[in-house]
Every structure is written in C-alpha cells, then in structure tokens.
Amino acid sequence: MPDSAALYRTVRLIRRFEERAVELVRAKQIFGGIHPYTGQEAIAAGTCAALRRDDVITSTHRGHGHVLAKGADPARMMAELLGRATGLNRGRGGSMHAADFSAGILGANAIVGAAAPIATGAAWAARRAGSDRVALTYFGDGAVSQGVVLEAFNLAALWTAPVIFVCENNGWATTTRTEDSVAGTITGRAEAFGIPAARVDGMDPEAVLAAAAEAVARARGGFGPTLLECVTYRFDAHHTWEHTARPRYRSPEEVEQGRSRDPLEIQGARVPVATRARIDTEIEELVEAAVRFALDAPLPDPATALDHLYADGTRVRAGVA
Ligand SMILES: Cc1ncc(C[n+]2csc(CCOP(=O)(O)OP(=O)(O)O)c2C)c(N)n1
C-alpha cells in the first residue's frame, strides 16, 4: 500500500500535468481543448493506489488523472494530447480516448456512462479466466441516470463481477446541477441492485484509498461489485472552451468555497516539508520533460490515417471510409 508521500506525488503529478496541458491549449498546441481534472486528483490517486498494475480501469472524458495514476507514461500521454505520432495511441485518441493496455488502461471514453459496461465486461472476463484481477471504472454524477450504467449495475450484481464503480460527484454535469437532474440518491441506485455503496470524501486521497482498498478486497475475494460516490469539486472549467466563452453558472463564492479544500494541500500537509519540496522538484522536471518530448515529436504521417482502425490489422481502402 503506498505511503502518504507516494499519494502526494500522484496528486502533484496530475495537478502539474493539467496546468501545463491547459497552457498548451492556450498556446494552440492542443487542438479541441480538454476537460481539466484539477481539483479531483484525490480520486484518481486514491483509487489507483488500491489497484495492482494488472488490474484494469476504464475512464471518462475527464480522464487524464486516471490514466496518469494508473501508470501511463506522462510524456507519451502529453504527446497524445498534442496529437503526436509518439503519443500513447499514436496521436489518434487524443484527450478523451487515451488507452494503454500494458498499464491496464482499457481506455477513456467520451460517451457519458459508456465506460461502466466495458469495465463490467472486463471484470466478468477476468473471473471467467480464473484470474483475481479486478476492474474499476469512473463516471460523473451526469452518468448516474444513463441506462447503460444501470444495466452495468444489474449484471455486475447478478454475476458478482469484480468491478468497482467510482462516481466522481463534482456537483455539476456541464452547467446542470446534480440536484436538478438526479432523482433519489446516487448510492441508492447501487443499493437497489444489492450493491454495497459508500459516500466518500473525494478531496482526501487517504479517505479514497481506504474506501477503494475495501472495495477492491471485496471484488478480489469474489464478493462482487461496490459503488463509491466520491464527493468532489472541479476547480476549473467543464471544458477549456469556457476560458474564452465564460458561461456563468457557478457563482464566484461557490467556486471559492469549492476550492477551499484542495487535495494537494490536504495530502501535502501529511508529508514532511523537505520530502514535499523534493517531490515538487521531481514532478516539475518530469512534466517539463514530458512537454518537451511532446513538442519535439512528429505529427502522424497523413498517409497512415487509415492504419490501426482494426485490432486484427484489417486496412480500410482509401476513399471507402
Ligand atoms: C451520452 C452522452 N450524452 C451527452 C454528452 C455530452 N457531455 C459531455 S460531458 C457531459 C457532462 C458530464 O457530466 P458528468 O458525468 O457529471 O462529468 P463531469 O463533466 O462533471 O466530469 C455531457 C452531457 C456525451 N458526451 N455523451
């Protein structure tokens, strides 16, 4: 189990990576913008700390933190955001579709809720193969009324699939408040299927780790799924598009209040000052090296645009697709 310093390091890595990614959107090096994970780092850090490398995750449109915490190379992830040939997915996945099977990252997914059934399938497959691997999936409060998420709850419970459902409840789905779109409760949805559910402080990496470790032990022990509702706050925009469009849906007071509990400071306070300074320096160098790696990398050759569309190597004929 990782110690306080290791958890702090993951939170720091995600925070600095996201800060630099936002700057690269502004510098027009990342096209199409990103959904910053800033503020929610405790959830990725705490949950992934409870997983083994061969466990698998599926992720969301706000997925950079999950991918980094699960162990993807930050330089190749940054290159992916910049659409470069050396990116995790050769620059073809971008911000919302990063995957790295070697680290158990089955993929981020831009379709709200769509990653939950994929993780459930992966969990079921692991069980059928006789493995004790587990699957963990992330989704936002905006996904909890999506049919596929509820279907995933049903099959996961019915088949005691070793899957952990992690809801990142940041209070908003784009510009819609959770209470304006969610009837009942989030934990109540899982409980209706007989799935144990807990509400967790999603700003505290160690609280998330403790809850996740329990859920992972349950799944690995053959006792089926768990839902963790991690209560959090998104510090930045829903999408970097907001930095220019500036829609007004959260009051400055609400944002200030939300930012007053910062996972970086909560975890940082648990680490000796000298250790924190050493980690900060290491992460600064790591992320700057990742940015340089990405900026120096070539864009994919347009002639290869139709390559890699099928896992078995099937090639689509130019002009047909
Ligand atoms: C099925 C589907 N419907 C709508 C969208 C458009 N969309 C993208 S993000 C988003 C809000 C998601 O909110 P939430 O799940 O709470 O995650 P958060 O953005 O807060 O992290 C929506 C509606 C989508 N990508 N997929």
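Residues numbered from 1 in each chain as written. Predicted model: local features only at pLDDT ≥ 70, side-chain atom pairs only at ≥ 80, totals over all residues. Heavy atoms only, no water.

1. Structural notes on the state of the cysteines
- With the rule as written, the count across this model stands at zero disulfides.
- Unpaired in terms of disulfides, Cys48 finds its nearest cysteine sulfur in Cys230, a separation of 12 Å.
- A relative accessible area of 8% means that Cys48 is categorised as buried.
- Here Cys230 is not cross-linked by a disulfide; its sulfur's nearest cysteine counterpart is in Cys167, at 7.9 Å.
- You can call Cys230 buried: its relative accessible area is 0%. (Disulfide = S-S within 2.5 Å. Buried < 20%, exposed > 50% of the residue type's maximum accessible area, 1.4 Å probe, protein only.)

2. Side note on helix H10 (residues 252-259)
- Among all positions in H10, only Glu254, Val255 and Gly258 are buried. Buried residues of H10, seen end-on, are gathered within an arc of 95° and therefore sit on one face of the element. Of the residues in H10, the exposed ones pointing more than 90 degrees away from the buried face are Pro252, Glu253, Glu256 and Gln257.
- In the core, the buried residues of H10 are packed alongside strand E5 (172-173) and strand E6 (176-177). (Helix = DSSP H or I, 4+ residues; strand = E, 2+ residues; numbered from the N terminus. Arc of directions from axis to C-beta. Contact = heavy atoms within 4.5 Å.)

3. Topic: helix H8 (residues 205-220)
- For H8, with 16 residues, the first-to-last C-alpha span of 22 Å sits near the 22 Å given by 1.5 Å per residue.
- Along H8, the positions that sit buried rather than exposed are Pro205, Val208, Leu209, Ala211, Ala212, Ala215, Val216 and Ala219.
- Of the surrounding elements, those touching the buried residues of H8 are helix H1 (4-26), helix H2 (41-49), strand E4 (163-169), strand E7 (197-201), strand E8 (226-231) and helix H11 (263-268).
- Its side-chain oxygen 2.9 Å from the backbone nitrogen of Glu206, Asp204 forms the N-cap of H8.
- Directly after H8, the chain includes Gly222, whose backbone phi takes a positive value near 90°. (Expected span 1.5 Å × (residues − 1). Polar contact = N/O pair within 3.5 Å; in protein donor to acceptor, adjacent residues only side chain to side chain.)

4. Quick word on the site of the ligand
- Lining the immediate surroundings of the ligand are 15 residues, of which His61, Arg62, Ala110, Gly142 and Trp172 lie closest.
- Note that a nitrogen atom of the ligand is positioned 3.1 Å from one of the backbone N or O atoms of Val112.
- The side chain of Asn170 places a nitrogen or oxygen atom 2.9 Å from an oxygen atom of the ligand.
- Starting from 580 Å² of accessible surface for the ligand in isolation, the protein chains cover 69%.
- Per-class residue counts for the shell around the ligand are six nonpolar, seven polar and two charged. (Near = heavy atom within 4 Å. Areas by Shrake-Rupley, 256 points an atom, 1.4 Å probe, with all protein chains shown as cover. Nonpolar A, V, L, I, M, F, W, Y, C, P; charged D, E, K, R; others polar.)

5. Thoughts on the UniProt feature "domain: Dehydrogenase E1 component" (unreviewed entry) in the protein
- This chain's UniProt record puts "domain: Dehydrogenase E1 component" (unreviewed entry) on residues 10-302.
- Across residues 10-302, helical content stands at 44% and strand content at 12%; the span's end C-alpha atoms are separated by 35 Å. (UniProt positions renumbered as here; feature names shortened; annotations may be inferred.)

6. As for the packing of helix H4 (residues 74-81) against helix H12 (residues 273-296)
- Two elements in contact, H4 and H12, have axes separated by 8 Å at closest approach and are oriented at 45°. Considering their axes alone, H4 and H12 lie oblique with respect to each other. At the point where H4 passes H12, the crossing takes the right-handed sense. Residues Pro74, Ala75, Arg76, Met78 and Ala79 of H4 form the contact with H12, whose participating residues are Leu286, Ala290, Val291, Phe293 and Ala294.
- Residue composition of the contact of H4 with H12, grouped by class: nine nonpolar, no polar and one charged. (Axes fitted to C-alpha atoms, helices over the stretch in contact; angles between N-to-C directions. Parallel < 35°, antiparallel > 145°, perpendicular 65-115°, else oblique. Left-handed = near helix turned anticlockwise from the far one by under 90°.)

7. Considerations on a nonpolar patch on the surface
- On the surface, a nonpolar cluster with roughly 300 Å² of combined accessible area is contributed by Phe101, Leu106 and Ile118.
- For Leu106, the location among the structural elements is in strand E2 (residues 105-107). (Patch = residues over 30% accessible without salt bridge, like charges linked within 9 Å, V, L, I, M, F, W, Y side chains within 5 Å. Salt bridge = Lys/Arg side-chain N within 4 Å of Asp/Glu carboxyl O.)

8. Topic: the packing of aromatic side chains
- Considering all chains together, one arrives at six aromatic pairs under this definition.
- A ring pair is formed by Phe139 and Phe165, whose centres lie 6.5 Å apart and whose planes are at 55°; its orientation type is tilted. Placement of the pair is Phe139 in strand E3 (residues 135-140) and Phe165 in strand E4, with a sequence separation of 26 residues.
- For Phe139, a relative accessible area of 3% puts it in the buried group.
- According to the relative accessible area criterion, Phe165 is buried, its value standing at 0%.
- Ring pairing ties together the aromatic residues Phe139, Phe153, Phe165 and Phe193, which thus form one cluster. (Phe/Tyr/Trp six-rings, centres within 6.5 Å; stacked < 30°, edge-to-face > 60°.)

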